[in-house]
Amino acid sequence: MSEFDAIFVGAGHNSLACAAHLALQGWKTGVFERGAIIGGAVQTREFTLPGFRHDFGAMNLSLFAGSAFHRKYANELKAQGLEFAPVADCFASAFPDGRWFGVSNDLEKTAARIAAFSAADAATWRRLVAAFPAEAEHLFRLLGSPMSARALAGTAWNLWRKKGIAGSLDTGRLLLSSPRAWLEETFESPHIRATLATWGMHLDFAPDIAGGAVFPYLESMANQSFGMVLGKGGADTIIRALSGMVTSAGGKIVTGAEVAEITVSAGRATGVRLASGESHTATRAVIAGVAPKALTGRLLPNGSGDAGFDTAMQKFRHAPGTMMIHLALDDLPDWRAGAELRQFAYVHLSPSLDAMSRTYQQAMAGMLPDEPVLVVGQPTAIDPSRAPQGKHVLWVQVRMLPAEILGDAAGKIAPDHWDKVKEVYAKRVLDIIETYAPGLRNKILGRAVFSPIDLERENPNLVGGDQVCGSHHLAQNFLFRPARNYAGWNTPVAHLHLTGAATWPGAGTGAASGFMLAQQLGGR
Ligand SMILES: Cc1cc2nc3c(=O)[nH]c(=O)nc-3n(C[C@H](O)[C@H](O)[C@H](O)COP(=O)(O)OP(=O)(O)OC[C@H]3O[C@@H](n4cnc5c(N)ncnc54)[C@H](O)[C@@H]3O)c2cc1C
């Protein structure tokens, strides 16, 4: 048995960021990870062939690069080997009519591409980009602050002072709008609308879901203004740097150490019991980077002592699942719509707002979508070090899928467990890519397919393959993430905290939940 000041359940990047900050404040920290490899959804592994490094989950590290944690600890992270690969050609969409549109960090390039669809939209884009710094100040402040009355009042006061009542209401309206509402009132080209709307599908914001507009808005404006960032050699560069910070500050990270129970005495968390039977004590905090259902369902066998909290954790809603297909390639895809697409980090295949709405609805109804949204990541177009010379990896994210298959919208695949269905569904996905990039199959040297259930097997936080660990719809975001009264990483059990994607401010690689909690516990 060891005694720590703080014990972390799981080594996701939020927990590691929190542990790093506390360890640097002098706390004795212990991180216990069930898997053989730390990083949770942020890992880079040779899934296909030797020398081909695939990002298991997150590939885009822009949130980490722009995070408050990175701002404070840029030097320490760099000293631990953190290296980014900057992206100029960020994201694009290829369309069935053979056209394409993409956003690069060069405004003239993007505007010229938009003008080919609509001169009015090109002018709108320039206006939005010019207004972005003033708008971003408020949105980033909101997303980067705790959900406390004080922080919210400060954000609202600053917004009102800078933008007045009408301007503040405009920002509020954007936060409440659906992607479709914002895109249809802002752009006239269906191609531009569809390209931007796909960012909502990275979360669970299909075009008609209220509260989703801000994601296409922020991603497109941020990519235009700052570009995108990948990890040099793999997204796990942030994990290696974070773990280096933890251990060099005296913290301990243990892998293959599943936490079976969080021990509680007199309403206070006192430590953990591992599946191996080992126990460890924590004198100041136990920080669980787990999905809410696992917290009260498994780790607290007697519940939290607050029935309302326990019910809220059990009813926490997950978003539809994701399938990941990793390919080792002889060469990048030959995109029919244009060779320029080969240089983009992401090529989205999501033809229209209606197609995206349909896909979401199909997944919610338990159906395999006939035409899933595909996010085709081309990391080696930006960072060739991830594959042997001249070769490539492809990162294909299939959105959105049911965890349990009740039927097939195309009427071709009989409902069954994902273990039986994943290869035949992966064929549907590759068939779709072939229509946009003929000849892709001939370039495949190796492949690895992860169904939604495989994702959960790798990381139990990805419940049913939910890559964002919980729906981000308005009723489960902001003050309600993960539940009302618990948006401050608190629980009814003293000294027990929840961190990670299920907590405010949600999913992504921004380490915001872990870092805000760390500052709350250990000071700035
Ligand atoms: C396929 C996919 C693609 C994504 N793409 C992007 C992207 O490009 N950009 C982006 O910003 N975000 C992306 N995301 C989202 C982002 O990666 C996640 O939101 C984020 O990494 C979650 O971090 P976390 O700190 O919540 O912990 P997680 O990464 O979920 O890690 C939790 C860890 O806790 C461990 N654990 C759980 N229970 C226990 C237990 N009882 N005992 C011990 N250990 C336990 C797990 O094994 C895991 O290692 C993607 C996610 C996925 C899955």
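Calculation rules
- Residues numbered from 1 in each chain as written.
- Predicted model: local features only at pLDDT ≥ 70, side-chain atom pairs only at ≥ 80, totals over all residues.
- Heavy atoms only, no water.
- UniProt positions renumbered as here; feature names shortened; annotations may be inferred.
- Helix = DSSP H or I, 4+ residues; strand = E, 2+ residues; numbered from the N terminus.
- Core = buried A, V, L, I, M, F, W, Y, C linked by side-chain atoms within 4.5 Å.
- Buried < 20%, exposed > 50% of the residue type's maximum accessible area, 1.4 Å probe, protein only.
- Contact = heavy atoms within 4.5 Å.
- Pairing = 2+ DSSP bridges.
- 1 Å grid on protein atoms, 1.4 Å probe; cavity = no way out; pocket = protein on both sides within 12 Å on 5 of 7 lines; lining within 4 Å.
- Points joined across faces, edges and corners; volume = space filled by probe spheres on them.
- Nonpolar A, V, L, I, M, F, W, Y, C, P; charged D, E, K, R; others polar.
- Axes fitted to C-alpha atoms, helices over the stretch in contact; angles between N-to-C directions.
- Parallel < 35°, antiparallel > 145°, perpendicular 65-115°, else oblique.
- Left-handed = near helix turned anticlockwise from the far one by under 90°.
- Near = heavy atom within 4 Å.
- Polar contact = N/O pair within 3.5 Å; in protein donor to acceptor, adjacent residues only side chain to side chain.
- Areas by Shrake-Rupley, 256 points an atom, 1.4 Å probe, with all protein chains shown as cover.

Points about the UniProt feature "domain: Amine oxidase" (unreviewed entry) in the chain
According to UniProt, the "domain: Amine oxidase" (unreviewed entry) feature falls on residues 16-400. Span residues 16-400 is 43% helix and 22% strand, its end C-alpha atoms 29 Å apart.

Points about the nonpolar core
In this structure, Phe 69 and Leu 77 are the most contacted members of the largest nonpolar core, which totals 99 residues. At eight residues, the largest contribution of residues to this core is made by helix 5 (residues 119-143). With residues up to four places along the chain from it excluded, the contact list for Leu 77 reads Phe 64, Phe 69, His 70, Leu 82, Ala 241, Leu 242 and Met 245. Core analysis: the next-biggest nonpolar cluster, separate from the first, contains 35 residues, Met 323, Leu 341, Leu 394 and Val 449 among them.

Looking at the pairing of strand 14 (residues 346-349)
Neither face of strand 14 is open: one carries Tyr 346 and His 348, the other Val 347 and Leu 349, and all of them are buried. Note: strand 6 (residues 89-94) against strand 14, three bridges, orientation parallel. Opposite Ser 93, over in strand 14, you have His 348 as the bridge partner.

Quick notes on unusual backbone geometry
That bond from Arg 481 to Pro 482 is cis: its omega, 0°, falls within 30 degrees of zero. Following the sequence through the fold, Pro 482 ends up in the loop between helix 16 (452-458) and strand 20 (496-498). Cis peptide bonds are those with omega within 30 degrees of zero, and the linkage from Trp 504 to Pro 505 qualifies with 0°. Take Pro 505: it is sitting in the loop between strand 20 and helix 17 (512-522). Here the phi dihedral of Ala 266 falls at roughly 50°; this positive angle occurs in a residue that is not glycine. With respect to the element layout, Ala 266 can be found in the loop between strand 10 (259-265) and strand 11 (268-274). With a relative accessible area of 86%, Ala 266 lands in the exposed category. Phi is positive for Ala 511, which is not a glycine, with a value near 55°. Within the fold, Ala 511 resides in the loop between strand 20 and helix 17.

Comments concerning the layout of surface pockets
Here the second largest pocket defines a volume of roughly 420 Å³. Residue lining of the second largest pocket: 16 residues in total, with Leu 128, Glu 135, Asp 170, Leu 174 and Trp 182 positioned closest to the centre. Where the lining of the second largest pocket is concerned, the elements lending two or more residues are helix 5, helix 6 (149-176) and helix 7 (179-186). By residue number, the principal contributor to the lining of the second largest pocket is helix 6, which donates six residues. Partitioned by chemical class, the residues of the lining of the second largest pocket number six nonpolar, four polar and six charged.

Some points on the packing of helix 5 against helix 9 (residues 214-226)
Contact geometry of helix 5 with helix 9 gives a least axis separation of 9 Å together with a crossing angle of 115°. On the basis of their axis angle, the class for helix 5 and helix 9 is roughly perpendicular. In this structure, helix 5 meets helix 9 at a crossing whose hand is left-handed. Counted together, Trp 125, Leu 128, Val 129, Phe 132, Glu 135, Leu 139, Phe 140 and Leu 143 of helix 5 and Val 214, Tyr 217, Leu 218, Ser 220, Met 221, Ala 222, Gln 224, Ser 225 and Phe 226 of helix 9 form the full contact between these two elements. Across the contact of helix 5 with helix 9, the residue classes break down as 13 nonpolar, three polar and one charged.

Quick notes on the site of the ligand
Near the ligand you find 37 residues, and of these Glu 33, Ala 41, Ala 501, Gly 508 and Thr 509 are the closest. A distance of 2.8 Å separates an oxygen atom of the ligand from a polar atom in the backbone of Ala 41. In isolation the ligand has 1,000 Å² of accessible area, and contact with the protein removes 95% of it. Those elements giving two or more residues to the shell around the ligand turn out to be helix 1 (13-24) and strand 17 (392-401). Here the shell around the ligand is composed, by residue class, of 18 nonpolar, 16 polar and three charged.

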